[in-house]
Amino acid sequence: MAVNKILVMGPSWVGDMVLAQSLFKALRQQDPDVIIDVAAPSWTLPLLERMPEVNQGIALPFKHGQLALLERIRFGRALRKAHYTQSIMLTNSLKSAILPLAAGIPQRTGFLGEQRYGLLNDIRPLDKKQLPRTVDRFVALSQPRNIEPQRPIAIRNPSLQANPEQAKAALVRLGHALPQVPVLALCPGAEYGEAKRWPVEYYAEVARAAIAQGWQVWLFGSGKDIPVTHEINRLSNMACLDLGGKTQLGEAIDLMALCTAVVSNDSGLMHVAAALDKKLIAVYGSSDPHHTPPMSSKAIIEYLGLECSPCFKRECPLGHLNCLKMISPGRVISSIGLNLTGLS
């Protein structure tokens, strides 16, 4: 019997790649022998390495937004020797569908996206009411083409496998030992824009509350988040472990696995925390928790659902940012399970 070998064209965002694991799980459930390779930007590969369903991650060399037509064709042709039986598109752009065609993959599955007639030959209908969440849409593409698309689909939550030894090595490199007390992870980054960032002073108040009750507080963020994590640390009397810009994504995943609880904006690290099965307080502002919720029974969503929400803007169009500012630090502190007594 021929082996089913699938090339998934993966998303560029960290959070979407975490959600894609639900698709990989569905494919494995249908066919335990399936081989799943995922082509995606190089920065997402540490996630794929922590997904046992994935055979290998293939780093795409193209810059974001770059057509690079000839390069995509050449790259696709180089994959012909892999003899993939199907490709599944998790991106909607026309250019991303060029590679599977060039690779000679016989079944090329996806939603229509940018008028990809011919590039895809297994175009699935997208009913956004029936498939409201990103994860619903991903998993729907795992179904055979003759299955009724409106049929409810069982979705298994993402579950990343962290590497404890790499976490220990990262702490040694940073000059820290393994924690002996509970650890609170704060993820104040907002790659999309300020309208998704809970105020820095609120994060600092949560940090001070945790530290006062004997917890360690670790601040996670990319190089772009260094000013934010530094300010939270300053407002917390420099008592936090500031990891802003000091870890690669793989190390951040492994270190977060050591944490007891996580507070995060709607971000890639929020989805990482959910996939690590951590107690998670997910703070939503301009985005919609009904579209990209954390896939975990341990997640507590803090979202006000104001009349102006969700606006999906990078910056508050009304200038007040009430969707975030009206979520008080005390509310989040209580959700973590910390004591409010004596706090300002």
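Structure shown above.
If you're wondering where the values come from, they're calculated on a predicted model, not measured in any experiment.

K.L.:
Give a description of the pattern of salt bridges that names residues and reports values.
P.N.:
Counting across every chain of the model gives 11 salt bridges. Ionic pairing is found between Glu-53 and Lys-25, a salt bridge with its closest N-O pair at 3.6 Å. Taken together, the residues span a long stretch of sequence, with Glu-53 in the loop between α2 (45–48) and β3 (56–60) and Lys-25 in helix α1 (residues 14–30) at a distance of 28 residues. Overall, the relative accessible area of 9% leaves Glu-53 in the buried class. Take Lys-25: its relative accessible area is 7%, and that puts it in the buried class. Residues joined in a network through salt bridges with shared partners are Glu-49, Arg-50 and Asp-254.

K.L.:
Which residues make up the side chain of Arg-50, and what are the values?
P.N.:
Note that Arg-50 resides in the loop between α2 and β3. For Arg-50, the side chain forms a polar contact with the main-chain oxygen of Gly-250, separated by 3.4 Å. A polar side-chain atom of Arg-50 sits 2.9 Å from a polar atom in the side chain of Asp-254. Non-local contacts of Arg-50, meaning those with residues more than four positions away in its chain, are made with Ser-159, Leu-160, Gln-161, Gln-166, Gly-250, Ile-253 and Asp-254.

K.L.:
I'd like a rundown of unusual backbone geometry, residues and numbers included.
P.N.:
With omega at -10 degrees, the peptide bond leading from Ser-309 into Pro-310 counts as cis. Even without being glycine, His-83 reaches a positive phi, approximately 55 degrees. The topology assignment puts His-83 in the loop between α3 (69–78) and β4 (86–89). At Met-238, a position not held by glycine, the phi torsion is positive, near 55 degrees. Relative to the elements of secondary structure, Met-238 occurs in the loop between α8 (226–235) and β9 (241–242).

K.L.:
Which residues make up the layout of surface pockets, and what values go with them?
P.N.:
It is the rolling of a water-molecule-sized probe over the atoms that shows where space remains empty. Taken as a whole, the second largest pocket holds about 200 Å³ of empty space. Of all the secondary-structure elements, those providing two or more residues to the lining of the second largest pocket are α1 and β4. Broken down by class, the residue content of the lining of the second largest pocket amounts to six nonpolar, seven polar and three charged.

K.L.:
So what about the state of the cysteines? Which residues, and what values?
P.N.:
In protein chemistry, a disulfide is the covalent bond that joins the sulfur atoms of two cysteines. Summed over the entire model, instances satisfying the criterion amount to zero disulfides. With no disulfide of its own, Cys-240 lies closest to Cys-259 among cysteine sulfurs, the gap being 12 Å. Note on Cys-311: no disulfide assigned, nearest cysteine sulfur contributed by Cys-323 at a separation of 6.4 Å.

Reading the values: the criteria
- Residues numbered from 1 in each chain as written.
- Predicted model: local features only at pLDDT ≥ 70, side-chain atom pairs only at ≥ 80, totals over all residues.
- Heavy atoms only, no water.
- Salt bridge = Lys/Arg side-chain N within 4 Å of Asp/Glu carboxyl O.
- Helix = DSSP H or I, 4+ residues; strand = E, 2+ residues; numbered from the N terminus.
- Buried < 20%, exposed > 50% of the residue type's maximum accessible area, 1.4 Å probe, protein only.
- Polar contact = N/O pair within 3.5 Å; in protein donor to acceptor, adjacent residues only side chain to side chain.
- Contact = heavy atoms within 4.5 Å.
- 1 Å grid on protein atoms, 1.4 Å probe; cavity = no way out; pocket = protein on both sides within 12 Å on 5 of 7 lines; lining within 4 Å.
- Points joined across faces, edges and corners; volume = space filled by probe spheres on them.
- Nonpolar A, V, L, I, M, F, W, Y, C, P; charged D, E, K, R; others polar.
- Disulfide = S-S within 2.5 Å.

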